[in-house]
Amino acid sequence: FASVLGAARELPWLGPAVVVLVVACNLYKNPRWPVEITLTAAAEVFGFIVDTGLGAFGVFAPVHYWLPPPFSPVWMVFLWVNFATLLNVSLKWLHGRYFLAAFLGAVGGPAAYYGGAQLGATQEALSIESLFVLAVVWSASVPALFFTAKIV
């Protein structure tokens with residue numbers, strides 16, 4: 001919420017600041033901290049590429065600060081970092097369940113973008129076509145992130 005509402009309220013630094021705290025808590029006393037750092041960095045790059053592509057193809061238009069369109073805004077990249085902190089903790093039960101991860105991504109991804117749009121983090125409402133594209137992209141992205149968590 002800090003990232004989305006921060007962007008919607010012209011406080012784009014708020015989300016990244018909160019996510020840095022979340023990552024620090026995730027790493028605190030974690031014996032696998034090098035793995036977690038690698039995973040969050042991979043999610044950061046992956047998310048930047050995915051959201052930049054979605055923006056370039058007109059799937060959605062997030063509010064922008066610091067980087068010009070179609071580049072993914074920093075506040076959105078940190079949403080991917082935040083998601084990565086869940087992969088080996090609260091979402092650990094999804095490891096190896098790639099079809100279920102794909103299904104949950106197909107539902108949860110568009111729902112998250114739709115919610116963000118409703119809160120004012122996009123320049124326009126999302127169309128049905130955009131939600132469909134987001135479902136396809138997230139049905140591939142979530143398993144890809146779990147696969148990345150497995151190999152790092």
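Each chain carries its own residue numbering, running from 1 in the direction its sequence is written. Local features are withheld for residues below a pLDDT of 70 in this predicted model, meaning they are given only at 70 or higher, and side-chain atom pairs are given and counted only at 80 or more; totals for whole chains, interfaces and linings count all residues. Side-chain figures throughout are based on the complete set of non-hydrogen atoms in the structure, without hydrogens or water.

Caption draft 1: Spotlight on the nonpolar core. Take the buried Ala, Val, Leu, Ile, Met, Phe, Trp, Tyr and Cys residues and link them wherever side-chain atoms come within 4.5 Å; each set so joined is a nonpolar core. Three labels apply to residues, based on accessible area from a 1.4 Å probe with only protein chains included: buried if under 20% of the type maximum, exposed if over 50%, partly exposed otherwise in between. Core analysis: the biggest nonpolar cluster contains 29 residues, and Leu87 and Tyr113 have the highest contact counts within it. Going through the elements one at a time, helix H1 (2-8), helix H3 (33-56), helix H4 (74-87), helix H5 (98-118) and helix H6 (128-151) are the ones with two or more residues in this core. The secondary structure listing takes helices from DSSP runs of H or I that are at least 4 residues long and strands from runs of E that are at least 2 residues long, numbered from the N terminus. Examining the composition of this core, we find that seven residues originate from one element, H6, more than from any other.

Caption draft 2: Representation of H3. One less than the number of residues in a helix, times 1.5 Å, gives the span that helix is expected to have. With 24 residues, H3 should reach 34 Å at 1.5 Å per residue; the first-to-last C-alpha distance of 34 Å fits that figure. Of the positions making up H3, those classed as buried are Val35, Glu36, Leu39, Thr40, Ala43, Gly47, Val50, Asp51, Thr52, Leu54 and Gly55. Looking at the buried side of H3, the elements it contacts are helix H2 (14-27), H4, H5 and H6. Positive phi appears at Gly58, one or two residues downstream of H3, with a value of about 75°. Note on contacts: a residue pair qualifies if any of its non-hydrogen atoms lie within 4.5 Å across the two residues.

Caption draft 3: Representation of the packing of aromatic side chains within the structure. Any two of the Phe, Tyr and Trp rings considered here, Trp counted by its six-membered ring, make a pair once their centres fall within 6.5 Å; the pair's planes then place it as stacked at under 30 degrees, edge-to-face at over 60, or tilted in between. Inspection of every chain in the model, using the stated rule, returns six aromatic pairs. Look at Phe83 and Trp138: their rings are 6.1 Å apart centre to centre, the planes differ by 75°, and that puts the pair in the edge-to-face class. Linking Phe83 in helix H4 with Trp138 in helix H6, this pair joins segments that are 55 residues apart in sequence. Of the two residues, Phe83 and Trp138, neither departs from the other in class, the shared state being buried. With a centroid separation of 6.1 Å and 70° between ring planes, the pair formed by Tyr113 and Trp138 is classed as edge-to-face. With Tyr113 in helix H5 and Trp138 in helix H6, the pair connects residues that are 25 residues apart, well separated along the chain. Take Tyr113: its relative accessible area is 9%, and that puts it in the buried class. A relative accessible area of 10% means that Trp138 is categorised as buried. Members of the aromatic cluster, joined through ring pairs, are Phe46, Phe60, Trp80, Phe83, Tyr113 and Trp138.

Caption draft 4: The side chain of Asn26, seen in detail. Note on placement: Asn26 falls in helix H2. The contacts of Asn26, once residues within four sequence positions are left out, are Glu36, Thr85 and Val89.

Caption draft 5: Examining the side chain of Thr122 more closely. Looking at the element boundaries, Thr122 is found in the loop between H5 and H6. Taking relative accessible area as the criterion, Thr122 reaches 14% and is therefore assigned buried. In terms of polar contacts, Thr122 uses its side chain to reach the backbone carbonyl oxygen of Glu124, at 2.8 Å. Not counting chain neighbours up to four residues away, the residues in contact with Thr122 comprise Phe60, Ala61, Pro62, Val63, Gly116 and Ala117. In protein, a polar contact requires one atom able to donate a hydrogen and another able to accept it; more generally it is a pair of N or O atoms within 3.5 Å, and residues adjacent in sequence count only if both atoms are side-chain atoms.

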